[in-house]
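Results of the structural survey
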Amino acid sequence: MTSRPEPPFFPRIVAEDDVVPAESWENRPVAAWGSDWGIGERLIILERVGSTNTLARRLAEEGAPNGTLIIAEEQTAGRGRAGKPWRAPKGRALLLSIILRPERPLQRNDSPGAIPLRVGLAAAVAIEAAAGLRVQVKWPNDLLVDGRKLAGILCEGSLTSAARGYLVAGIGINVAQREGDFDPSISQPATSIRIAAGDDCERAVLAHALYRAVVGLAPVLTEPLSDEELVRLTARDPLIGREVTVDGRPAGTAHGIAPDGTLRIIGANGTIDHLRNGTVRMVPGTQSR
Ligand code: BTN
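Residues numbered from 1 in each chain as written. Predicted model: local features only at pLDDT ≥ 70, side-chain atom pairs only at ≥ 80, totals over all residues. Heavy atoms only, no water.

Remarks on helix H6 (residues 227-235)
- Here H6 has its buried residues at Glu 229, Leu 230 and Leu 233. Angularly, the buried residues of H6 cover 100° about the axis, an arc narrow enough to put them on a single face. Along H6, exposed side chains directed more than 90 degrees from the buried face belong to Asp 227, Glu 228, Val 231 and Ala 235. (Buried < 20%, exposed > 50% of the residue type's maximum accessible area, 1.4 Å probe, protein only. Helix = DSSP H or I, 4+ residues; strand = E, 2+ residues; numbered from the N terminus. Arc of directions from axis to C-beta.)

What follows is the structure, encoded as C-alpha coordinates:
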(Lines give C-alpha, C1' and ligand atoms only; values in the text may rest on other atoms or scores of the structure.)
Protein backbone atom coordinates (compact mmCIF):
# COMPACT_ATOMS: atom_id res chain seq x y z
CA MET A 1 0.00 0.00 0.00
CA THR A 2 1.45 3.43 -0.88
CA SER A 3 1.29 6.05 1.84
CA ARG A 4 -0.93 8.98 0.97
CA PRO A 5 0.30 12.56 1.42
CA GLU A 6 -1.03 14.34 4.47
CA PRO A 7 -4.30 16.11 3.58
CA PRO A 8 -4.07 19.88 3.86
CA PHE A 9 -6.08 21.48 6.63
CA PHE A 10 -7.54 24.82 5.65
CA PRO A 11 -8.53 26.71 8.77
CA ARG A 12 -11.90 28.42 8.85
CA ILE A 13 -11.24 31.79 10.42
CA VAL A 14 -14.17 33.59 12.06
CA ALA A 15 -14.52 37.25 13.08
CA GLU A 16 -14.15 36.45 16.81
CA ASP A 17 -10.64 35.17 16.17
CA ASP A 18 -9.57 38.77 15.33
CA VAL A 19 -7.12 37.32 12.82
CA VAL A 20 -4.78 39.17 10.48
CA PRO A 21 -2.65 36.62 8.55
CA ALA A 22 1.03 37.38 7.95
CA GLU A 23 2.60 37.00 4.52
CA SER A 24 6.12 37.01 5.84
CA TRP A 25 7.84 36.52 9.19
CA GLU A 26 11.41 37.23 10.19
CA ASN A 27 12.13 38.50 6.65
CA ARG A 28 10.95 35.38 4.81
CA PRO A 29 7.62 34.26 3.34
CA VAL A 30 5.55 32.17 5.75
CA ALA A 31 5.53 29.29 3.22
CA ALA A 32 9.36 29.22 3.28
CA TRP A 33 9.35 28.55 7.05
CA GLY A 34 6.68 25.85 6.63
CA SER A 35 8.82 24.18 3.99
CA ASP A 36 12.12 24.52 5.94
CA TRP A 37 10.56 23.07 9.05
CA GLY A 38 8.90 20.26 7.10
CA ILE A 39 5.40 21.17 8.31
CA GLY A 40 3.97 22.88 5.21
CA GLU A 41 0.41 24.04 5.77
CA ARG A 42 0.38 23.01 9.39
CA LEU A 43 2.19 26.31 10.00
CA ILE A 44 -0.03 29.37 10.50
CA ILE A 45 1.66 32.73 11.14
CA LEU A 46 -0.46 35.74 12.02
CA GLU A 47 0.20 39.45 12.35
CA ARG A 48 -2.54 39.55 14.94
CA VAL A 49 -4.95 37.22 16.70
CA GLY A 50 -7.09 37.36 19.84
CA SER A 51 -5.26 34.40 21.40
CA THR A 52 -3.25 31.69 19.65
CA ASN A 53 -4.56 29.21 22.24
CA THR A 54 -8.20 30.09 21.64
CA LEU A 55 -7.74 29.79 17.87
CA ALA A 56 -5.78 26.53 18.25
CA ARG A 57 -8.52 25.01 20.41
CA ARG A 58 -11.16 25.84 17.85
CA LEU A 59 -9.07 24.51 14.97
CA ALA A 60 -8.37 21.34 16.95
CA GLU A 61 -12.12 20.88 17.50
CA GLU A 62 -12.52 21.22 13.72
CA GLY A 63 -9.94 18.53 13.00
CA ALA A 64 -6.57 20.30 12.68
CA PRO A 65 -3.81 17.67 12.61
CA ASN A 66 -1.15 16.83 15.17
CA GLY A 67 1.72 19.30 14.94
CA THR A 68 -0.31 22.32 13.79
CA LEU A 69 1.67 25.40 14.86
CA ILE A 70 0.20 28.89 15.24
CA ILE A 71 2.58 31.83 15.76
CA ALA A 72 1.36 35.41 16.29
CA GLU A 73 3.18 38.72 16.36
CA GLU A 74 0.48 40.25 18.52
CA GLN A 75 -2.40 38.98 20.68
CA THR A 76 -5.32 41.21 21.55
CA ALA A 77 -6.74 38.78 24.13
CA GLY A 78 -3.74 36.68 25.20
CA ARG A 79 -4.53 34.43 28.13
CA GLY A 80 -2.47 33.19 31.07
CA ARG A 81 -3.17 30.67 33.78
CA ALA A 82 -6.10 31.11 36.16
CA GLY A 83 -7.91 33.49 33.80
CA LYS A 84 -5.18 36.14 33.94
CA PRO A 85 -4.42 38.18 30.80
CA TRP A 86 -1.07 37.71 29.05
CA ARG A 87 0.28 40.83 27.39
CA ALA A 88 3.34 41.39 25.22
CA PRO A 89 4.26 44.31 22.95
CA LYS A 90 3.88 43.52 19.25
CA GLY A 91 6.84 41.68 17.74
CA ARG A 92 8.92 41.52 20.94
CA ALA A 93 7.85 38.10 22.23
CA LEU A 94 7.50 34.62 20.77
CA LEU A 95 3.83 33.72 21.08
CA LEU A 96 2.78 30.32 19.85
CA SER A 97 0.44 27.39 20.28
CA ILE A 98 1.01 23.80 19.17
CA ILE A 99 -1.76 21.25 18.69
CA LEU A 100 -0.85 17.75 19.88
CA ARG A 101 -3.00 14.71 19.31
CA PRO A 102 -2.10 11.92 21.73
CA GLU A 103 -2.28 8.43 20.28
CA ARG A 104 -4.79 7.20 22.88
CA PRO A 105 -7.38 8.66 25.28
CA LEU A 106 -6.53 9.39 28.89
CA GLN A 107 -6.23 6.26 31.05
CA ARG A 108 -6.47 5.62 34.75
CA ASN A 109 -2.68 5.56 35.34
CA ASP A 110 -2.06 8.74 33.35
CA SER A 111 -0.92 12.00 34.92
CA PRO A 112 -2.37 15.02 33.12
CA GLY A 113 -0.76 17.20 35.81
CA ALA A 114 2.63 16.27 34.32
CA ILE A 115 1.82 17.96 30.99
CA PRO A 116 2.65 21.62 31.72
CA LEU A 117 5.87 20.58 33.51
CA ARG A 118 6.91 18.36 30.62
CA VAL A 119 6.18 21.16 28.12
CA GLY A 120 7.91 23.67 30.43
CA LEU A 121 11.02 21.49 30.64
CA ALA A 122 11.13 21.14 26.83
CA ALA A 123 10.76 24.92 26.48
CA ALA A 124 13.46 25.58 29.10
CA VAL A 125 15.93 23.31 27.30
CA ALA A 126 15.12 24.95 23.91
CA ILE A 127 15.66 28.45 25.36
CA GLU A 128 18.88 27.37 27.04
CA ALA A 129 20.23 26.10 23.71
CA ALA A 130 19.08 29.11 21.67
CA ALA A 131 19.99 31.87 24.12
CA GLY A 132 22.69 30.40 26.37
CA LEU A 133 20.68 31.03 29.56
CA ARG A 134 20.03 28.79 32.55
CA VAL A 135 16.27 28.59 32.86
CA GLN A 136 14.33 27.52 35.96
CA VAL A 137 10.96 25.72 35.78
CA LYS A 138 8.69 26.96 38.56
CA TRP A 139 5.72 24.75 39.30
CA PRO A 140 3.38 24.53 37.52
CA ASN A 141 3.90 26.70 34.43
CA ASP A 142 6.48 29.49 34.80
CA LEU A 143 9.96 29.72 33.33
CA LEU A 144 12.26 31.99 35.30
CA VAL A 145 15.71 33.45 34.85
CA ASP A 146 17.37 35.07 37.87
CA GLY A 147 14.06 34.79 39.73
CA ARG A 148 12.18 36.82 37.09
CA LYS A 149 9.55 35.44 34.74
CA LEU A 150 10.84 34.82 31.21
CA ALA A 151 8.03 32.69 29.84
CA GLY A 152 4.68 31.11 30.65
CA ILE A 153 3.00 27.90 29.57
CA LEU A 154 -0.76 27.41 29.13
CA CYS A 155 -1.81 23.83 28.32
CA GLU A 156 -5.47 23.24 27.55
CA GLY A 157 -7.50 20.63 25.74
CA SER A 158 -9.71 17.64 25.81
CA LEU A 159 -7.91 14.34 26.26
CA THR A 160 -10.69 11.92 27.06
CA SER A 161 -11.96 11.23 23.55
CA ALA A 162 -10.01 8.73 21.43
CA ALA A 163 -11.06 10.12 18.07
CA ARG A 164 -10.91 13.85 18.69
CA GLY A 165 -8.67 14.21 21.77
CA TYR A 166 -6.15 17.04 21.63
CA LEU A 167 -3.90 19.20 23.70
CA VAL A 168 -2.97 22.81 22.94
CA ALA A 169 0.43 23.77 24.32
CA GLY A 170 0.53 27.58 24.45
CA ILE A 171 3.89 29.21 25.11
CA GLY A 172 4.74 32.88 25.50
CA ILE A 173 8.44 33.81 25.72
CA ASN A 174 9.69 37.35 26.34
CA VAL A 175 12.40 37.86 23.74
CA ALA A 176 13.19 41.49 22.95
CA GLN A 177 11.47 43.52 25.68
CA ARG A 178 13.53 46.16 27.45
CA GLU A 179 13.22 47.11 31.11
CA GLY A 180 10.15 49.35 31.17
CA ASP A 181 8.32 47.40 28.44
CA PHE A 182 6.50 45.28 31.02
CA ASP A 183 3.03 46.04 32.29
CA PRO A 184 3.53 47.50 35.81
CA SER A 185 0.38 45.70 37.00
CA ILE A 186 1.87 42.19 36.59
CA SER A 187 2.26 40.37 39.89
CA GLN A 188 5.72 38.88 39.27
CA PRO A 189 8.92 40.62 38.11
CA ALA A 190 9.50 39.84 34.41
CA THR A 191 12.54 39.60 32.20
CA SER A 192 13.34 38.89 28.56
CA ILE A 193 16.08 37.10 26.65
CA ARG A 194 17.44 40.50 25.64
CA ILE A 195 17.65 41.64 29.27
CA ALA A 196 18.95 38.37 30.70
CA ALA A 197 21.40 37.43 27.93
CA GLY A 198 22.30 40.96 26.84
CA ASP A 199 21.20 40.18 23.29
CA ASP A 200 18.15 38.95 21.37
CA CYS A 201 18.11 35.45 20.02
CA GLU A 202 16.75 34.52 16.61
CA ARG A 203 13.06 33.88 17.13
CA ALA A 204 12.89 31.50 14.18
CA VAL A 205 15.69 29.32 15.60
CA LEU A 206 13.98 29.30 18.99
CA ALA A 207 10.52 28.62 17.51
CA HIS A 208 11.78 25.64 15.52
CA ALA A 209 13.70 24.13 18.47
CA LEU A 210 10.65 24.61 20.69
CA TYR A 211 8.31 23.10 18.13
CA ARG A 212 10.44 20.00 17.62
CA ALA A 213 10.84 19.46 21.35
CA VAL A 214 7.13 19.85 22.11
CA VAL A 215 5.88 17.74 19.18
CA GLY A 216 8.28 15.02 20.31
CA LEU A 217 6.34 14.81 23.58
CA ALA A 218 3.12 13.60 21.93
CA PRO A 219 3.72 9.84 22.48
CA VAL A 220 4.40 10.25 26.24
CA LEU A 221 2.36 13.38 26.90
CA THR A 222 0.12 12.11 29.70
CA GLU A 223 2.49 9.59 31.30
CA PRO A 224 3.85 10.20 34.80
CA LEU A 225 7.16 12.10 34.79
CA SER A 226 10.08 9.71 34.29
CA ASP A 227 13.05 9.55 36.66
CA GLU A 228 15.12 11.38 34.06
CA GLU A 229 12.57 14.16 33.69
CA LEU A 230 12.34 14.49 37.48
CA VAL A 231 16.12 14.83 37.75
CA ARG A 232 16.11 17.56 35.09
CA LEU A 233 13.18 19.35 36.73
CA THR A 234 14.76 19.14 40.19
CA ALA A 235 17.94 20.73 38.82
CA ARG A 236 15.82 23.67 37.60
CA ASP A 237 13.35 23.92 40.51
CA PRO A 238 13.53 27.33 42.24
CA LEU A 239 11.03 26.30 44.94
CA ILE A 240 12.75 23.24 46.33
CA GLY A 241 13.57 23.63 50.01
CA ARG A 242 11.94 27.07 50.15
CA GLU A 243 9.16 28.23 52.41
CA VAL A 244 6.17 28.97 50.23
CA THR A 245 2.70 30.45 50.29
CA VAL A 246 -0.17 28.96 48.31
CA ASP A 247 -2.73 31.50 47.12
CA GLY A 248 -1.28 33.97 49.62
CA ARG A 249 -1.40 31.69 52.69
CA PRO A 250 1.68 30.17 54.39
CA ALA A 251 1.79 26.50 53.37
CA GLY A 252 5.16 25.00 54.39
CA THR A 253 8.35 23.98 52.61
CA ALA A 254 8.36 22.93 48.95
CA HIS A 255 9.71 19.41 48.61
CA GLY A 256 9.92 18.94 44.86
CA ILE A 257 7.67 17.69 42.08
CA ALA A 258 6.10 14.24 42.22
CA PRO A 259 5.80 11.92 39.17
CA ASP A 260 2.12 12.88 38.75
CA GLY A 261 3.05 16.57 38.44
CA THR A 262 1.84 17.61 41.89
CA LEU A 263 4.02 19.81 44.11
CA ARG A 264 4.99 18.22 47.44
CA ILE A 265 4.76 20.60 50.36
CA ILE A 266 5.81 19.66 53.91
CA GLY A 267 3.49 21.41 56.38
CA ALA A 268 4.32 22.66 59.88
CA ASN A 269 3.23 19.32 61.42
CA GLY A 270 5.49 17.34 59.05
CA THR A 271 2.76 15.97 56.80
CA ILE A 272 3.30 16.02 53.05
CA ASP A 273 0.59 17.59 50.90
CA HIS A 274 0.42 17.10 47.13
CA LEU A 275 -0.69 20.37 45.55
CA ARG A 276 -2.63 20.14 42.28
CA ASN A 277 -3.66 23.75 41.80
CA GLY A 278 -2.81 27.13 43.17
CA THR A 279 -0.38 30.00 42.94
CA VAL A 280 2.83 29.31 44.82
CA ARG A 281 5.20 32.06 45.92
CA MET A 282 8.46 31.86 47.84
CA VAL A 283 8.31 33.63 51.18
CA PRO A 284 10.70 36.58 50.75
CA GLY A 285 13.83 36.52 52.87
CA THR A 286 13.69 32.78 53.65
CA GLN A 287 16.62 30.52 52.89
CA SER A 288 16.59 27.22 51.09
CA ARG A 289 16.64 24.30 53.60
C1 BTN B 1 0.99 32.01 32.26
O2 BTN B 1 2.13 32.32 32.58
O3 BTN B 1 0.02 32.20 33.02
C4 BTN B 1 0.77 31.36 30.92
C5 BTN B 1 0.97 32.32 29.80
C6 BTN B 1 0.78 31.69 28.43
C7 BTN B 1 0.83 32.71 27.32
C8 BTN B 1 0.81 32.07 25.96
S9 BTN B 1 1.16 33.24 24.67
C10 BTN B 1 0.69 32.08 23.47
C11 BTN B 1 -0.53 31.36 24.01
N12 BTN B 1 -1.75 32.10 23.70
C13 BTN B 1 -2.35 32.56 24.79
O14 BTN B 1 -3.40 33.23 24.81
N15 BTN B 1 -1.67 32.20 25.88
C16 BTN B 1 -0.50 31.41 25.54
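Observations concerning the site of the ligand
- Ser 51, Gln 75, Arg 79, Arg 81 and Lys 149 are the nearest of the 21 residues found near the ligand.
- In this structure, a nitrogen atom belonging to the ligand sits 2.9 Å away from a side-chain N or O atom of Gln 75.
- Within the side chain of Lys 149, an N or O atom sits 2.5 Å from an oxygen atom of the ligand.
- In isolation the ligand has 420 Å² of accessible area, and contact with the protein removes 97% of it.
- Per element, the largest residue contribution to the shell around the ligand is four residues, and it comes from strand S9 (residues 148-158).
- Grouping the constituent residues of the shell around the ligand by class yields six nonpolar, eleven polar and four charged. (Near = heavy atom within 4 Å. Polar contact = N/O pair within 3.5 Å; in protein donor to acceptor, adjacent residues only side chain to side chain. Areas by Shrake-Rupley, 256 points an atom, 1.4 Å probe, with all protein chains shown as cover. Nonpolar A, V, L, I, M, F, W, Y, C, P; charged D, E, K, R; others polar.)

Brief notes about the confidence of the model for the protein chain
- Averaged over all residues, the pLDDT of the protein chain equals 92, while 92% of them reach at least 70.
- Here residues 1-5 is a poorly scored stretch, pLDDT under 50, and it has zero contacts once near neighbours within four places are set aside; other chains count. (pLDDT = per-residue confidence, 0-100. Contact = heavy atoms within 4.5 Å.)

Here's the deal with the sheet that holds S9
- The eight strands lie next to each other as S1-S4-S5-S6-S10-S9-S8-S7, forming an open sheet whose pairing is mixed. Unpaired on one side and paired on the other, strand S1 (20-21) and strand S7 (136-138) mark the two borders of the sheet. (Pairing = 2+ DSSP bridges.)

Regarding the nonpolar core
- Ranked by internal contacts, the top residues of the largest apolar core, which has 64 residues, are Trp 37, Ile 71, Leu 94, Ile 173 and Ile 193.
- Among the elements that line this core, the one with the most residues is helix H3 (residues 115-131), at ten residues.
- The contact partners of Leu 94, leaving out residues within four places of it in the chain, are Trp 25, Ile 71, Ile 171, Gly 172, Ile 173, Val 175, Arg 203, Leu 206, Ala 207 and Leu 210.
- Formed by 13 residues, the second largest nonpolar core is a distinct cluster that contains Val 49, Leu 59, Ile 70 and Ala 72. (Core = buried A, V, L, I, M, F, W, Y, C linked by side-chain atoms within 4.5 Å.)

A look at the packing of aromatic side chains
- For the structure shown, the criterion picks out three aromatic pairs.
- For the ring pair Trp 25 and Trp 37, a centre distance of 6.4 Å and an interplane angle of 80° mean the geometry is edge-to-face. Within this pair, whereas Trp 25 is found in strand S2 (residues 24-25), its partner Trp 37 is found in the loop between helix H1 (30-36) and strand S4 (43-48), the two being separated by twelve residues in sequence. The pair formed by Trp 25 and Trp 37 is uniform in burial state, with each residue classed as buried.
- On the basis of an interplanar angle of 40° and a centroid distance of 5.5 Å, the ring pair of Trp 33 and Trp 37 is categorised as tilted.
- Judged by its relative accessible area of 10%, Trp 37 is buried. (Phe/Tyr/Trp six-rings, centres within 6.5 Å; stacked < 30°, edge-to-face > 60°.)

Describing the pairing of strand S10 (residues 166-174)
- With nine of its nine residues buried, S10 lies for the most part within the structure.
- Alternating residues of S10 divide into Tyr 166, Val 168, Gly 170, Gly 172 and Asn 174 and Leu 167, Ala 169, Ile 171 and Ile 173, and every residue in both groups is buried.
- Taken together, the eight bridges between strand S6 (residues 93-100) and S10 define a ladder with antiparallel strand orientation. Pairing of Leu 94 across the sheet is with Ile 173, part of S10.
- Summarising the sheet, S9 and S10 pair through eight bridges and their orientation is antiparallel. Considered in S10, the bridge of Leu 154 is made with Gly 170.

Looking at the environment of Ala 126
- For Ala 126, the location among the structural elements is in helix H3.
- Exposure remark for Ala 126: the relative accessible area of 6% places this residue in the buried category.
- Separated by 85 residues in sequence, Ala 126 and Tyr 211 place their C-alpha atoms 9.1 Å apart.
- Filtering out sequence-adjacent residues up to four positions away, Ala 126 remains in contact with Leu 206, Ala 209 and Leu 210.

A few points about H3
- Along its 17 residues, H3 runs 24 Å from first to last C-alpha, staying within 8% of the 24 Å computed at 1.5 Å per residue.
- With 14 of its 17 residues buried, H3 lies for the most part within the structure.
- Positioned one or two residues after H3, Gly 132 has a phi angle of 65°, which is positive. (Expected span 1.5 Å × (residues − 1).)

Let's talk about the pairing of strand S14 (residues 272-275)
- In the sheet, strand S13 (residues 263-266) pairs with S14 via four bridges, with the strands oriented antiparallel. Note that in S14 the partner of Ile 266 across the bridge is Ile 272.
- Hairpin geometry of S13 and S14 is characterised by an intervening segment of five residues between the two adjacent antiparallel strands and by a positive phi of about 85° at Gly 270.

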